[in-house]
Amino acid sequence: MQLTPGSDAHAEGLWSRQRWPAGVTDPQRLDALDSHGILDTPPEQGFDDIVRLATRLCAAPVALVSLVDADRQWFKARIGFPHCETDLNRSVCAHALSEPDLLVIPDLTTDPRTAGNPLVTDDPRIRFYAGAPLRTPEGQVLGSLCVIDTVPRPDGLSTEQAEDLRTLADQVMALLALRRAIMARDQAINEQRDKLRQARRLDVVAQASVALATAIDPAAVLEPILAAGAESVGFEQCFIYELTPDADHLRLVRSVGVDEATKAILDCSHIDEPLCGIVVQTRRPLILRDVQSSTDPRYALARQTGINGFAGYPIVSRGDLVGVISFATRAPGFDADALSFFATMAALVSGVRERLDGEEAVRESDTRSRLAQEAGRVGIFEVDIASGLAKVSPELCRIYGLAPARIYAVEKFTSLVVPEDRNLPSSERTRQDGSAAPDVRYRIRRANDGAIRWVERKAKFVCLHDGTPARMFGTVQDITDQQTVLEELTRTEEQLRLAAEATGLGIFDLDLVTGVLRWDTRVRELFGVGPNAPVTYDTFLEGVHPEDRAAADAAVQGALDPTGPGVFETEYRVRPANGAAELWLAARGQAVVRNDRTVRFVGTVRDITASRQAEDTLRTTEERHRLAVRATNDAVWDWDLLANTVLWNEALTEAHGHSLAAVQPTGE
C-alpha cells in the first residue's frame, strides 16, 4: 500500500517508525517512580484539585497527572479523559520526559512524534498538548502535568498559562514528595510498631518460659500471661483444651477473652464439634482464614461464636496427643509472626506436659520399685570404686539394719559380714581389678538387732574405655527364709537318702512341666545306668523286660491321668543296660495334680528278685509234694488249730465221700 503524504495512514506510519526517548526505560527513573509508591493508588483530593485548576487556567477540556511506567502511562488524576491509563503507543507524555521545560505541541497531527498516535488518529482525536515535566530534585522525570484540547492551538499557551502550568506541576511534585514522606513515616511507624509488637511477643514468650519451667498446672500459669499479652500478640481469644481419657471429647480447661456462654458451650465438646477437634483427628496444626465466609459444616460452631481467623496446635506428651491450644480473632486471619508465637506457645506447653508426665512416670516407677524392693526384700546399690562410696536404696539399709541414708561407705556393709564369710563379699582390691565374684551368698549380723541373716548379692561392673572398673552396680536380697527352707530340705533329703539306702529303695522324680526325669543312685544301679548318664522316660521303658513293658507303661499312664486316683503300684522285670542279670522290681508312685493338670510323678522302686525267686522255689516244692502224694494214694490232712482250718488231699476226700468245699474246720 502506498502512503499518501498528509493522510492518516501516512502519519501513523511515520509515528510507528520513530523511536521513544531513552528515558522511558531508564532504570534509575523507573526506580525513582517506584520509590514514590504512587502507581495504582486510589484518587486523592489534592491531585484532583490540581487538574481541575489546570483546565480552568489553561482553558482546556482535559488535564492529566500522567506517570510514565516502563510499559504504560497511568493517571493519578484526570478530568475530561475516560481512561485511567493507556499503553505507551498512545502516550504523548513520554515525549515530555526528555524535555528541559514545557512540551507544547500546537497541532498533534503535524508533529512527527504524535501524528500517528491512535489518540490523534482516532477518538477522542486530540489535537493540542502542553505538558510540564514532573521532575524530582534528583532530576528524574516521573511524568507530566498536561492539558489537552481537541482543536489545534497555533499560539499554544500564553505566558501566564505556561507559568501557571509549571507552578501546578511543582505543586504535584510537592504533593508527591509529601506523600512519599508520609509513606516513609508510616513505614517507619509500622516498622517501629512491628518491632515493639515483636518485643512484646518475645517478652510474653520469656514470661511464659520462666513461669512454665516449674509449673505443675501449665494452663493455669499461662492464662494470665496470655490475657495480658493478647493485644500485642494479635489475638482476641485463646482456648486451652484437654483430651478426655476416652479420646472422644475435649474439655475446656482455660481460656482468654471468652464469655461465660461460650465457655458453657465448649466446656466438654465431642471432637466432631469445635475446630480443635480437627487438630485432634489430624494431629497437625490447623490455620484458617475467613471462617465466617466458609460454608463448611465443621466450622459452624466457630461461625456461631464469631471466629473468623483461627490457629490451633496439638499439645503432645510422650508421643501422645493430650490436648489442644488455639487462638482466634474476628479479623480475617493472623500474620506470620503471630503464627510463630502460637507455635512457640504450643511447644512450651507440650514441653511442660512432657516434663510433668515424665516426673509422674518416675514417681510411679520409684514407688513401684520401692514396693517391689520391700516385697522382695531386694536392695539396690551403686559403688563408686575410686571413692569407695555407695549409693544405696532404703531397702538395702533395712536389710543390713542401718538407718536410711543415700550414701554409705562400702566398709560399713562389709564390716557386718560374719567372720566365717568375710572372704565372700568384694574387697577394695577385687573391686578395683574387677575380679570380685558377680554372685555370692553370705551371712551378716544386722546392725540394729544383731540378728543373723542370709543375703544374696549380685553385681556387675561398668568400666572406662580402657577397661578399668569404674562403678559396681547390683542388688542384695534377704534370703534368710529361703536359706532356712533349703537347709531343712537338705536335711530331709539326707534323711530320706539314708532311709532309702538302709531299705534298698530307689527314688525317681519326673517333672511333667519340664520333662526332666531324676533317678537316684539306687535306681541307676538297678537299671544299669551310669551316675552321669542322662535318663528319660524312654530310658525307663527300654530297661523294662519286653514282656512287661506294655503293662508297666499302662500303669504309669493310668497314674498320670489327672482324673484318676494318681496311684502307681506294679511289678516288672528289668534288663539292666550294663548287661547285669535280670531283676524283678516292685514300684510304687504318686502323681501330683495342680489345676487339673499332672505336674509331677514321684515314687520308689525296690529289688524283689530274691522274694520272687523264693516264691518260685516254694511253688515248685509244693507241686513236687502233691505229685508224690498222688502217686502213693495216701490220705493226708492238715488241721491248723490256731486258724481252725482243715486241708484234705484228694485221696481223703474220696475215702469219706466229701468234697473239699464241704469239709468243716472240725473235720466233721
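Just so it is clear, the model here is predicted, and its values are computed rather than measured.

(A) Representation of the sheet that holds strand β22 (residues 583–594). Spatially, five strands are ordered β20-β19-β23-β22-β21 in an open sheet, and the strand pairing comes out antiparallel. A single partner strand is all that each edge strand has here, and the edge strands are β20 (516–519) and β21 (567–574). This sheet shows a mean twist of 20° between the axes of neighbouring strands, independent of strand direction. Examined bridge by bridge, β22 and strand β23 (residues 597–607) share ten bridges and lie antiparallel to one another. The residue bridging Ala587 from the neighbouring strand is Val605, located in β23. The strands that helix α17 (residues 546–560) touches are β21, β22 and β23; relative to β21, the one it contacts most, it runs at about 165°.

(B) Region of the structure containing unusual backbone geometry. The omega torsion across Asp123 and Pro124 is 10°, close enough to zero to call that bond cis. Although it is not a glycine, Ala59 sits at a positive phi angle of roughly 55°. With respect to the secondary-structure elements, Ala59 resides in the loop between α3 (45–58) and β1 (62–68). On the accessibility criterion, Ala59 (52% relative accessible area) is exposed. You will see that Asp596, though not glycine, has its phi angle at about 65°, which is positive. Mapped onto the secondary structure, Asp596 falls in the loop between β22 and β23. With a relative accessible area of 72%, Asp596 lands in the exposed category.

(C) Expanded view of the packing of helix α5 (residues 159–213) against helix α6 (residues 218–233). It is the contact of α5 with α6, at a shortest axis distance of 10 Å, that shows an interaxial angle of 175°. Between α5 and α6, the angle is such that the two are roughly antiparallel. Where α5 approaches α6, its residues Arg197, Arg200, Arg201, Val204, Gln207, Ala208, Ala211 and Leu212 are matched on the opposing element by Pro218, Val221, Leu222, Ile225, Leu226, Gly229, Glu231, Ser232 and Val233. Grouping the constituent residues of the contact of α5 with α6 by class yields ten nonpolar, three polar and four charged.

(D) Layout of the confidence of the model for the chain. On average, residues of the chain score 86 in pLDDT, and 87% of them reach the 70 mark or higher. Taken as a whole, residues 1–18 scores under 50 in pLDDT and shows 21 contacts with residues more than four places along the chain or in a different chain.

(E) Seen up close, the packing of aromatic side chains. Overall, the coordinates contain 15 aromatic pairs when judged by the stated rule. With centroids separated by 6.0 Å and ring planes inclined at 70°, the aromatic side chains of Phe341 and Phe342 adopt a geometry described as edge-to-face. Residue Phe342 is classed as buried on the basis of its relative accessible area, which comes to 0%. Ring geometry for Phe508 against Phe601: centres 5.4 Å apart, planes inclined by 55°, an arrangement best described as tilted. Separated by 93 residues along the polypeptide, Phe508 in strand β19 (residues 505–511) and Phe601 in strand β23 bring together distant segments of the chain. Like Phe601, Phe508 is buried. The structure contains a cluster of three or more aromatic residues connected by ring pairs, namely Phe235, Phe327, Phe334, Phe341 and Phe342. Over the aromatic face of Phe128 sits the side chain of Arg153, whose NZ or CZ is 4.8 Å from the ring centroid.

(F) Looking closely at the pattern of salt bridges. Overall, the coordinates contain 37 salt bridges when judged by the stated rule. Among the salt bridges present, the one from Lys263 reaches Glu260, with a minimum N-O distance of 3.5 Å. Here Lys263 pairs with Glu260, and both are found in helix α7 (residues 260–266), just three residues apart, close to one helical turn. Looking at Lys263, the relative accessible area reads 27%, which means it is partly exposed. As a salt-bridge pair, Glu382 and Arg471 come within 2.9 Å of each other at their nearest N and O atoms. Separated by 89 residues along the polypeptide, Glu382 in strand β13 (residues 378–384) and Arg471 in strand β18 (residues 469–478) bring together distant segments of the chain. For Arg471, a relative accessible area of 31% corresponds to the partly exposed category. Here the residues in one salt-bridge network are Asp40, Asp69, Arg72 and Glu85, joined through shared partners.

(G) Region of interest: a negative patch on the surface. Together, Asp246, Asp248, Asp272 and Glu273 make up a region of like negative charge exposed at the surface. Residue Asp248 is classed as partly exposed on the basis of its relative accessible area of 36%.

(H) Layout of the pairing of strand β17 (residues 452–463). Judged from the seven bridges that link them, strand β16 (residues 439–445) and β17 form a sheet pairing that is antiparallel. Across the sheet, residue Arg445 finds its bridge partner in β17, namely Ile452. In this antiparallel pair of consecutive strands, β16 and β17, the connection spans six residues, and Gly450 shows a positive phi of 70°. Bridge count for β17 against β18 is nine bridges, and the pairing is antiparallel. Bridging across to β18, Arg457 finds its partner in Val476. Where β17 hands over to β18, the hairpin turn is made up of five residues, of which Gly467 adopts a positive phi near 90°.

(I) Spatial organisation of the side chain of Asp548. Position of Asp548 among the secondary structure elements: in helix α17. Within the structure, Asp548 has its side chain in polar contact with the backbone nitrogen of Arg573 (distance 2.9 Å). Filtering out sequence-adjacent residues up to four positions away, Asp548 remains in contact with Tyr572, Arg573 and Trp584.

(J) Summary view of the sheet that holds strand β3 (residues 85–87). Strand order in the open sheet formed by six strands is β3-β2-β1-β6-β5-β4, and the pairing between neighbours is antiparallel. Only two strands of the sheet have a single neighbouring strand rather than two, namely β3 and β4 (103–105). Going across the sheet, the axis of each strand differs from the next one's by a mean of 25°, ignoring polarity. Direction of pairing for strand β5 (residues 128–135) relative to strand β6 (residues 141–149): antiparallel, over a ladder of seven bridges. Paired with Tyr129 across the two strands is Ile148, which belongs to β6. Where α3 meets the sheet, its contacts fall on β1, β2 (72–79) and β6, and the angle it forms with β2 comes to roughly 75°. Sheet strands touched by α5: β1, β5 and β6. Its angle to β5, the strand with the most contacts, is close to 40°.

The rules behind these values
Residues numbered from 1 in each chain as written. Predicted model: local features only at pLDDT ≥ 70, side-chain atom pairs only at ≥ 80, totals over all residues. Heavy atoms only, no water. Pairing = 2+ DSSP bridges. Helix = DSSP H or I, 4+ residues; strand = E, 2+ residues; numbered from the N terminus. Axes fitted to C-alpha atoms, helices over the stretch in contact; angles between N-to-C directions. Contact = heavy atoms within 4.5 Å. Buried < 20%, exposed > 50% of the residue type's maximum accessible area, 1.4 Å probe, protein only. Parallel < 35°, antiparallel > 145°, perpendicular 65-115°, else oblique. Nonpolar A, V, L, I, M, F, W, Y, C, P; charged D, E, K, R; others polar. pLDDT = per-residue confidence, 0-100. Phe/Tyr/Trp six-rings, centres within 6.5 Å; stacked < 30°, edge-to-face > 60°. Lys NZ or Arg CZ within 6 Å of the ring centre and 35° of its normal. Salt bridge = Lys/Arg side-chain N within 4 Å of Asp/Glu carboxyl O. Patch = residues over 30% accessible without salt bridge, like charges linked within 9 Å, V, L, I, M, F, W, Y side chains within 5 Å. Areas by Shrake-Rupley, 256 points an atom, 1.4 Å probe, with all protein chains shown as cover. Lys, Arg positive; Asp, Glu negative; His and termini not counted. Charge placed at Lys NZ, Arg CZ, Asp CG, Glu CD. Polar contact = N/O pair within 3.5 Å; in protein donor to acceptor, adjacent residues only side chain to side chain.

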